[in-house]
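Topology and contacts: notes
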Amino acid sequence: MAHLTGPPQLLTTTMGKAIRWAQQQSMWPATFGLACCAIEMMATGTAHNDLARFGMEVFRASPRQADLMVVAGRVSQKMAPVLRQVYDQMADPKWVISMGACASTGGMFNNYALVQGVDQIVPVDVYVPGCPPGPQSLMHGILTLQDKLVSGELSR
Amino acid sequence: MAKTTTTDIWISGTEAPEPADWMVAGTDEGAQEMVRHETEERDREQRGSRVMDDWVVDDTIDDDERMIVNMGPQHPSTHGVLRLNIELEGEIVRRVKPIIGYLHTGMEKTAETLTFLQGGTNVTRMDYLAPLHNELCYSLAVEKLLGVEIPPRAQAIRVLLTELNRVSSHLVATATNGMDIGALSMMMYGFRERELILEFFEKTTGLRMNHNFIRPGGVAADLPDGWREDVDQIIVRITAALGDYEDLLKENPIWKGRTRGVGIITAEECLAYGITGPTLRATGMDWDLRKTQPYSGIEAYDFEVVTGSRGDVYDRYRVRIGEITQSLRIVEQVMHSMPKGDYKTGDRKVSPPPRQRINESMEALIHHFKIYTEGFQVPVGETYQAIEGPRGELGCYLVSDGSGTPQRMHTRAPSFSNLAALPIMMADSLVADTVACIASLDPVMGDVDR
């Protein structure tokens, strides 16, 4: 009867906490690589940086299967409707990370061609600075999102 | 349009060294026919006050058999935001039309508002897998107009960095090529070795990508302490890793089955469409701007131009692997023969005074301030400078009106021209070979759209 010794075999929690924990641990990103940041996003997912440690390496090609959209790169005026459509196709609950200076503010390209900040099109939860942000920066952004999710600040 | 009967479907097998005759002939005629047909259709549509921009229906195919498939711009295998309209007849691709512009950033217009010294920050973001090549090409063009001499050490640093950049770019090309066809391990390996080079770049330039390190007049800083050990490690480890790649792919029957005889293009078609780089060299033509129009003293180093023979996806992969070896050869030679001296030009009209002089002299401080705020004036004129980028001829056309900013800057992007090869190499091929063809061209959409 070894199982009767040791700590009690019982766990109490609330429904909200359990859901938030599950959402945090298996958040699947949609591939939305646009420009330079997409290469760093790929580098984050591959062996050296290994995004799989945070349960997020399963980049889904279909937005229907994704919870998180990492807008990686500059969004042109021509791409903006596509981005919004992909976002609309994602199932709730969903989150958005704006990766890099161009996606967040237009970056150094203040001209006719670029959307000056992707938050004009979709609601953004976490902005990752850098041009491009390195894999560590992106991971920090993802961990920030997970922290906010568990704390209930961004839970949906 | 040249029609082939269904009995002509050639399933790419492991032992198919030569392409069937109908593939080459059908590709050629199909392409010409497509252009003529499309022009006529468009003229007819425009007379009806409607511009057909996206797609012109080929009415020679029965409606029951024809299917038009849209691929992209949000697709994991289109290397960014490329969109393809593919006209299928069963499993056979009849026509392909690439639609671009989803990453248009207006960089050539932005270049007109930046000074010549700031221009590097702009061009480095065009082809983001080969940022140093973009910077080098732009800097060489500005220096051509200025007529300044670049010290030998700066030239050697430029060659060292661009050749390392070529290796990292080809590693990504091979990695994504593998991933698209299903060799996922190649993806992990390629990015693993690329990380070595990026760490060295970060140590040298301060950034992993988009360095703005090669500038008009030289380079931004000298190489860091201990760079020889770092570069030596890179050469040793990537040479060892190349053995892994050869074990993984070279004689792999699945890999050969998916790539041999797929996406064939001939040297004549390449020349007609302005296709350069590994795609051209895979057809057997040894055209390399490092040999024919050498720049930055690259003619002093010993290397070979790697060529293929058939011009298919497999040959393009072989050319890239061969070029990694050759680039490492150049890097090793640069490492052993690195000249001493200054890393930027002594021409004070172009490069700011050294730190020591700024502490001593008020005039030097003012001069430094003016160079970084107003920039320097470049004589009136226009020039074109081309270098051999990882994807082909990377050119910079620059017009100066004598002020501190370019009047016009245009980039001859290799990815843009190479993408034009897609309809030719994919005509009458199988739909499953689409991603293999795209990946073998290695287009970078930032380079295509700018």
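Below is a short write-up of the structure. (Residues numbered from 1 in each chain as written. Chains lettered and ligands numbered in written order. Predicted model: local features only at pLDDT ≥ 70, side-chain atom pairs only at ≥ 80, totals over all residues. Heavy atoms only, no water.)

With that settled, the discussion passes to the overall build of chain B. The helix and strand tally for chain B stands at 18 helices and nine strands. When each of the 450 residues of chain B is scored for burial, the buried share is 60%. Put simply, chain B shows about 17,500 Å² of open surface, and 52% of that area lies on carbon and sulfur atoms. (Helix = DSSP H or I, 4+ residues; strand = E, 2+ residues; numbered from the N terminus. Buried < 20%, exposed > 50% of the residue type's maximum accessible area, 1.4 Å probe, protein only. Areas by Shrake-Rupley, 256 points an atom, 1.4 Å probe, with all protein chains shown as cover.)

According to the stated counting rule, one finds four aromatic pairs over all chains in the structure shown. Centroid distance B:F116 to B:F376: 6.3 Å. Interplanar angle 15 degrees. Geometry classified as stacked. On the criterion of sequence distance, the pair formed by B:F116 in the loop between α2 (107–111) and α3 (119–123) and B:F376 in the loop between α14 (362–373) and β6 (381–389) is long-range, its members being 260 residues apart. What makes B:F116 buried here is its relative accessible area of 1%. Accessibility expressed as a relative area gives 5% for B:F376, which makes it buried. Among the aromatic residues, ring-to-ring pairing joins B:W255, B:Y314 and B:Y317 into one connected group. Over the ring of B:Y102 we find A:K78, and its NZ or CZ is 4.6 Å from the ring centre. In this structure, B:R260 packs its charged tip against the face of B:Y314, placed 4.8 Å from the ring centre. (Phe/Tyr/Trp six-rings, centres within 6.5 Å; stacked < 30°, edge-to-face > 60°. Lys NZ or Arg CZ within 6 Å of the ring centre and 35° of its normal.)

The next subject is the interface of chain B and chain A. Taken together, the contacts link 36 residues of chain B with 33 residues of chain A. For the chain B and chain A pair, buried surface summed over both sides reaches about 2,800 Å², with 66% attributable to carbon and sulfur atoms. At the boundary of chain B with chain A, the tally comes to one salt bridge. For the pair chain B and chain A, the number of links is 10 residue pairs in polar contact (both at pLDDT 80 or more). Mapped onto the side of chain B that touches chain A, the elements with two or more residues apiece are α2, α3 and α6 (184–205) of chain B. (Contact = heavy atoms within 4.5 Å. Buried area = accessible area lost by both parts, 1.4 Å probe. Salt bridge = Lys/Arg side-chain N within 4 Å of Asp/Glu carboxyl O. Polar contact = N/O pair within 3.5 Å; in protein donor to acceptor, adjacent residues only side chain to side chain.)

With that settled, consider unusual backbone geometry. A cis amide bond links A:D92 with the next residue in sequence, A:P93, at an omega value of -5 degrees. In the Ramachandran plot, B:N212 falls in the positive-phi region, its phi being about 50 degrees despite a non-glycine side chain. By the secondary structure assignment, B:N212 is in the loop between α6 and β4 (214–215). One non-glycine residue, B:D428, adopts positive backbone phi at about 65 degrees. The topology assignment puts B:D428 in the loop between α16 (422–426) and β9 (429–430).

Looking now at the sheet that holds strand β1 (residues 29–30) of chain A. All names here are of chain A. Taken together, four strands build an open sheet; the order of strands is β1-β2-β3-β4 and the sheet is parallel. The open sheet has two edge strands with one neighbour each: β1 and β4 (126–128). Pairing between strand β2 (residues 68–72) and strand β3 (residues 95–99): five bridges, direction parallel. If you follow M69 over to β3, its bridge partner there is V96. Against the sheet, helix α5 (residues 135–151) engages β2, β3 and β4, with an angle of about 155 degrees to β3. (Pairing = 2+ DSSP bridges. Axes fitted to C-alpha atoms, helices over the stretch in contact; angles between N-to-C directions.)

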